[in-house]
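Take a look at the letters that make up each chain.
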Amino acid sequence: MKHSTDPETTLTAASTDELSIIVDALYRNLDTPTPVFGAQDWYDLATEELARRSEQASPDAYGAA
């Protein structure tokens, strides 16, 4: 990743495996007494991107039975 400060750019450029690692790291950070400022926003965007990719990978997403 290119260390962009734009969450959308960073998250869409990440592979699904990298995105899973990012989501896990953000979740762990949010579970601390003092999470990093902005971590909740990054977490929300990352989980949405991961969900979007999961829906596209699902055969049902294309109407296949």
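Basis of the calculations
- Residues numbered from 1 in each chain as written.
- Predicted model: local features only at pLDDT ≥ 70, side-chain atom pairs only at ≥ 80, totals over all residues.
- Heavy atoms only, no water.
- Helix = DSSP H or I, 4+ residues; strand = E, 2+ residues; numbered from the N terminus.
- Buried < 20%, exposed > 50% of the residue type's maximum accessible area, 1.4 Å probe, protein only.
- Contact = heavy atoms within 4.5 Å.
- Areas by Shrake-Rupley, 256 points an atom, 1.4 Å probe, with all protein chains shown as cover.
- Salt bridge = Lys/Arg side-chain N within 4 Å of Asp/Glu carboxyl O.
- Phe/Tyr/Trp six-rings, centres within 6.5 Å; stacked < 30°, edge-to-face > 60°.
- Core = buried A, V, L, I, M, F, W, Y, C linked by side-chain atoms within 4.5 Å.

**Considerations on the overall build of the chain**
And then number 1: A count of helices and strands for the chain gives three helices and zero strands.
And then number 2: When each of the 65 residues of the chain is scored for burial, the buried share is 23%.
And then number 3: Within the chain, residue pairs in contact and separated by at least 24 positions form 51% of the contacts whose partners lie at least 6 positions apart.
And then number 4: Just so you have it, the chain exposes about 4900 Å², and 56% of that area is on carbon and sulfur atoms.

**Observations regarding the pattern of salt bridges**
And then number 1: The full count for this structure, using the stated rule, is three salt bridges.
And then number 2: Salt-bridge contacts for Arg28 lead to Asp24; the nearest nitrogen and oxygen are separated by 3.0 Å. A residue pair is termed a helical-turn pair when its members lie 3 or 4 positions apart in one helix, as Arg28 and Asp24 do in helix H2 (residues 16–30) at four residues.
And then number 3: Judged by its relative accessible area of 56%, Arg28 is exposed.
And then number 4: Here the residues in one salt-bridge network are Glu49, Arg52 and Arg53, joined through shared partners.

**Brief notes about the environment of Ala14**
And then number 1: Secondary-structure assignment places Ala14 in the loop between helix H1 (7–13) and H2.
And then number 2: The spacing of Ala14 and Ala46 is 32 residues in sequence and 10.0 Å in space, taken between C-alpha atoms.

**A closer look at the packing of aromatic side chains**
And then number 1: The full count for this structure, using the stated rule, is one aromatic pair.
And then number 2: Measuring from ring centre to ring centre gives 6.2 Å for Tyr27 and Tyr43, while their planes differ by 45 degrees; the resulting arrangement is tilted. Of the two residues, Tyr27 is situated in helix H2 and Tyr43 in helix H3 (residues 39–57); the sequence distance between them amounts to 16 residues.

**A look at the nonpolar core**
And then number 1: Within the largest apolar cluster, 10 residues are counted, these being Leu11, Ala14, Leu19, Ile22, Val23, Leu26, Ala39, Tyr43, Ala46 and Leu50.
And then number 2: Elements represented by at least two residues in this core include exactly H2 and H3.
And then number 3: Ignoring any residue separated from it by four or fewer positions in sequence, one finds Tyr43 in contact with Val23, Leu26, Tyr27 and Leu30.

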